[in-house]
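A look at the structure
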Amino acid sequence: MTQTLDSTLPNGLSLDQARQDAARAYDLDRAHVFHSWSAQNTLNPMVITASEGSYVWDGDGRRLLDFSCQLVNTNIGHQHPKVIAAIQQQAAKLCTVAPQHGNDARSEAARLIAEIAPAGHNKVFFTNGGADANEHAVRMARLHTGKYKVLTRYRSYHGGTETAINMTGDPRRWPNDHGNAGMVHFFGPFLYRSHFHSENEQQETERALAHLDEVIRLEGASTIAAIVLETIPGTAGIMIPPPGYLAGVRELCDRYGIIMIVDEVMAGFGRSGKWFSVDHFGVAPDLMTFAKGVNSGYVPLGGVIISDPIAETFGNHAYPGGLTYSGHPLATAAAVATITAMRDEKMVENAADIGERVLGPGLREIAERHPSVGEVRGIGVFWAVELVVNRATKEPLAPYGGTSEAMNAVVAECKSRGLLPFTNFNRVHVVPPCNVTEEQVRDGLAIFDQALDAADRFCKD
Ligand SMILES: Cc1ncc(COP(=O)(O)O)c(C=O)c1O
């Protein structure tokens, strides 16, 4: 599909200049940049030359609807003018301070985050991103309880640093796992591919909780510091916990003296149509980690939201952890502006409305037309489409941990038609920004609908 290219990109670059810059960026990237999670010689990165709102522009100057939000982090879209202005003003006022000093941007960001957090969570420890937030949450739980072992889910992602990657329940852990990180993995609820042979949500909740209870008893509650779980697992497949599951985990944690850590790095800050995904379930964890959407990723930032009893543990005893950039002024000024813009422009409400009225129904309608769609699930602007070779057998369109010609074909079709999707194994995740418009969603769904013809061709009876 051909697109008429604008002669000037939204950042003021001429098309020619943007293309020249992109070609140089590409060559230098291939010569010098070492990329995450990749065999370096196999890469062919798309250069992004400009971005605005729900769109990015590639190295040829073509516009794509960004339904990946990059790594599901640009929750307020690209280049939001209020956040850019806040970063610019903060840079002119005070670029950096050491973590032991006070600073108005950091203080205000902490106040705003505590305000939207569950009651009784009044302190925020800022980190550089999500992985180190999880590292510190686990460290706090271990010190608070005096116990070491941590239970985490299969089908999860918690970050790339040493403890966080060992918490992770996906194949990225395997090469980093030496069996000595103190992590034990368990199965969470996932009705579509139920580990418990459940036929409905109620069974899945009961059986997943009975399984977790048994893991706790067999591992020994006296050895377990924390249970860590993504409120709604993100990269692993956007599985909404069935009713009663998270409340049941809370109850198990209380019964056995275990800290409940909830990872809201991807699921937080409006993504699911509430400020935090725990808000859907009426559950308050002991520690909650965040990153990504807190400032839409404009400047790296993450953190741990700490409940009052755990904060109190470190009231008179030093917390043995810190970071040079904890609460960096540029990052926290961006967070203040992001949260304020989200509130003023009702983006969380928009995410909920778009999910309920447009994205969910639209994806379900598409699913009816395409035999390759096994399941559509999600909430807010957080949706997964599970692609299969056969609906009855649920054989995935790409193997767990891998990709396939069929998945590559779907992605190529999306991109050539102007849509940038997020994919993982056999799934396409439809994760636009919280302030996406109805028209943009309808445009994106129309492209996705056409692109799925490529997947249907790989279906077998
Ligand atoms: C749920 C979750 N936790 C933690 C992380 C790690 O965050 P970061 O890449 O900022 O370290 C991610 C990143 O994708 C994530 O999705």
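Since the structure is predicted, the reported quantities are computational estimates derived from the model, not experimental observations.

Conventions and cut-offs
Residues numbered from 1 in each chain as written. Predicted model: local features only at pLDDT ≥ 70, side-chain atom pairs only at ≥ 80, totals over all residues. Heavy atoms only, no water. Near = heavy atom within 4 Å. Polar contact = N/O pair within 3.5 Å; in protein donor to acceptor, adjacent residues only side chain to side chain. Areas by Shrake-Rupley, 256 points an atom, 1.4 Å probe, with all protein chains shown as cover. Nonpolar A, V, L, I, M, F, W, Y, C, P; charged D, E, K, R; others polar. 1 Å grid on protein atoms, 1.4 Å probe; cavity = no way out; pocket = protein on both sides within 12 Å on 5 of 7 lines; lining within 4 Å. Points joined across faces, edges and corners; volume = space filled by probe spheres on them. Helix = DSSP H or I, 4+ residues; strand = E, 2+ residues; numbered from the N terminus. Buried < 20%, exposed > 50% of the residue type's maximum accessible area, 1.4 Å probe, protein only. Pairing = 2+ DSSP bridges. Expected span 1.5 Å × (residues − 1). Axes fitted to C-alpha atoms, helices over the stretch in contact; angles between N-to-C directions. Parallel < 35°, antiparallel > 145°, perpendicular 65-115°, else oblique. Left-handed = near helix turned anticlockwise from the far one by under 90°. Contact = heavy atoms within 4.5 Å. Phe/Tyr/Trp six-rings, centres within 6.5 Å; stacked < 30°, edge-to-face > 60°. Lys NZ or Arg CZ within 6 Å of the ring centre and 35° of its normal.

**Re the site of the ligand**
Close contacts around the ligand come from Gly129, Gly130, Ala131, Asn134, Tyr157, His158, Gly159, Glu230, Asp263, Val265, Met266 and Lys292, and that covers them all. Contact distances for the ligand include 3.4 Å between a nitrogen atom and a backbone N or O atom of Tyr157. Here Asp263 contributes a side-chain N or O atom positioned 2.7 Å from a nitrogen atom of the ligand. Calculation on the ligand without its partners gives an accessible area of 390 Å², and the protein chains cover 80% of this total. The residue inventory of the shell around the ligand, partitioned by class, reads four nonpolar, five polar and three charged.

**What about empty space enclosed by the protein?**
Considering all chains together, one arrives at two cavities of 30 Å³ or more under this definition. Of the pockets and cavities examined, the largest cavity occupies roughly 50 Å³. Forming the boundary of the largest cavity are Phe67, Leu419, Pro421, Val428, His429, Val430, Gly444, Leu445 and Phe448. Looking at the lining of the largest cavity, the elements that each hand over two or more residues are β16 (427–430) and α13 (438–456). The residue inventory of the lining of the largest cavity, partitioned by class, reads seven nonpolar, two polar and no charged.

**What to know about the pairing of strand β4 (residues 121–127)**
Of all seven residues in β4, five are buried; the element is thus mostly enclosed. As paired strands, β4 and strand β10 (residues 302–307) are joined by six bridges and run antiparallel to one another. Bridge pairing links Thr127 to Gly302 in β10.

**So, helix α10 (residues 329–344)**
An ideal rise of 1.5 Å per residue puts 22 Å on 16 residues; α10 measures up with 22 Å between its terminal C-alpha atoms. The buried fraction of α10 amounts to 13 of the 16 residues, a majority that puts the element mostly inside the structure. A positive phi of about 50° marks Lys346, the residue just after α10.

**Observations regarding the environment of Ala412**
Considering the arrangement of structural elements, one finds Ala412 in helix α12 (residues 405–416). With 131 residues separating them along the chain, Ala412 and Phe281 place their C-alpha atoms 37 Å apart.

**Let's talk about the packing of α12 against α13**
With their axes 8 Å apart at the nearest point, α12 and α13 run at an angle of 150° to one another. As the angle between them shows, α12 and α13 are arranged roughly antiparallel. Crossing of α12 over α13 shows right-handed handedness. Taken together, the residues of α13 that come into contact with α12 (itself represented by Ala409, Val410, Glu413 and Cys414) are Ile447, Phe448, Ala451, Leu452, Ala454 and Ala455. Considering only residue class, the contact of α12 with α13 consists of nine nonpolar, no polar and one charged.

**Considerations on the pairing of strand β2 (residues 55–58)**
Here β2 shows a buried face lined by Tyr55 and Trp57 and a second buried face lined by Val56 and Asp58. Examined bridge by bridge, strand β1 (residues 48–52) and β2 share four bridges and lie antiparallel to one another. Among the inter-strand pairings, Glu52 is bridged to a residue of β2, identified as Tyr55. In this structure, the hairpin formed by β1 and β2 is closed by a connection of two residues, where Gly53 is found at a positive phi of approximately 60°. Of the strand pairs in this sheet, β2 and strand β3 (residues 63–66) are connected by three bridges, and their pairing is antiparallel.

**What about the packing of aromatic side chains?**
In this structure the tally under the stated criterion is ten aromatic pairs. Ring centres 6.4 Å apart and planes at 55° place the aromatic pair Tyr55 and Trp57 in the tilted group. Each member of the pair, Tyr55 together with Trp57, is buried. On the numbers, 5.7 Å between centres and 70° between planes, the contact of Phe125 with Tyr319 is edge-to-face. With Phe125 in strand β4 and Tyr319 in the loop between α9 (308–313) and α10, this residue pair connects regions lying 194 residues apart in the sequence. Exposure class is identical for Phe125 and Tyr319. Each is buried. Through successive ring pairs, a cluster of aromatic residues spans Phe126, Phe269, Trp275, Phe276 and Phe290. The ring of Tyr55 is capped by Arg63, whose NZ or CZ atom sits 3.9 Å from the centre of that ring. The ring of Trp37 is capped by Arg172, whose NZ or CZ atom sits 5.3 Å from the centre of that ring.

**Section: the sheet that holds β3**
The strand order across the open sheet formed by four strands is β1-β2-β3-β14, and the pairing between neighbours is mixed. Sheet topology places β1 and β14 (419–420) at the edges, where each strand pairs with a single neighbour. Relative to β14, β3 runs parallel, the two being bridged by two bridges. Bridge pairing links Leu65 to Leu419 in β14.

**Side note on the environment of Asn11**
Topologically, Asn11 is positioned in the segment before α1 (15–32). A C-alpha to C-alpha distance of 35 Å links Asn11 and Val304, two positions 293 residues apart in sequence. Apart from residues no more than four positions distant in its own chain, Asn11 is found in contact with Thr49 and Ala50.

**Side note on the sheet that holds strand β9 (residues 287–290)**
In spatial order, the strands read β4-β10-β9-β8-β7-β5-β6; together these seven strands make up an open sheet with mixed pairing. Each edge of the open sheet carries a strand with a single partner, namely β4 and β6 (183–186). Averaged over all pairs of adjacent strands, the angle between their axes in this sheet comes to 20°, without regard to strand direction. Looking at chain direction, β9 and β10 are connected through four bridges and run antiparallel. Pairing of Thr289 across the sheet is with Val304, part of β10.

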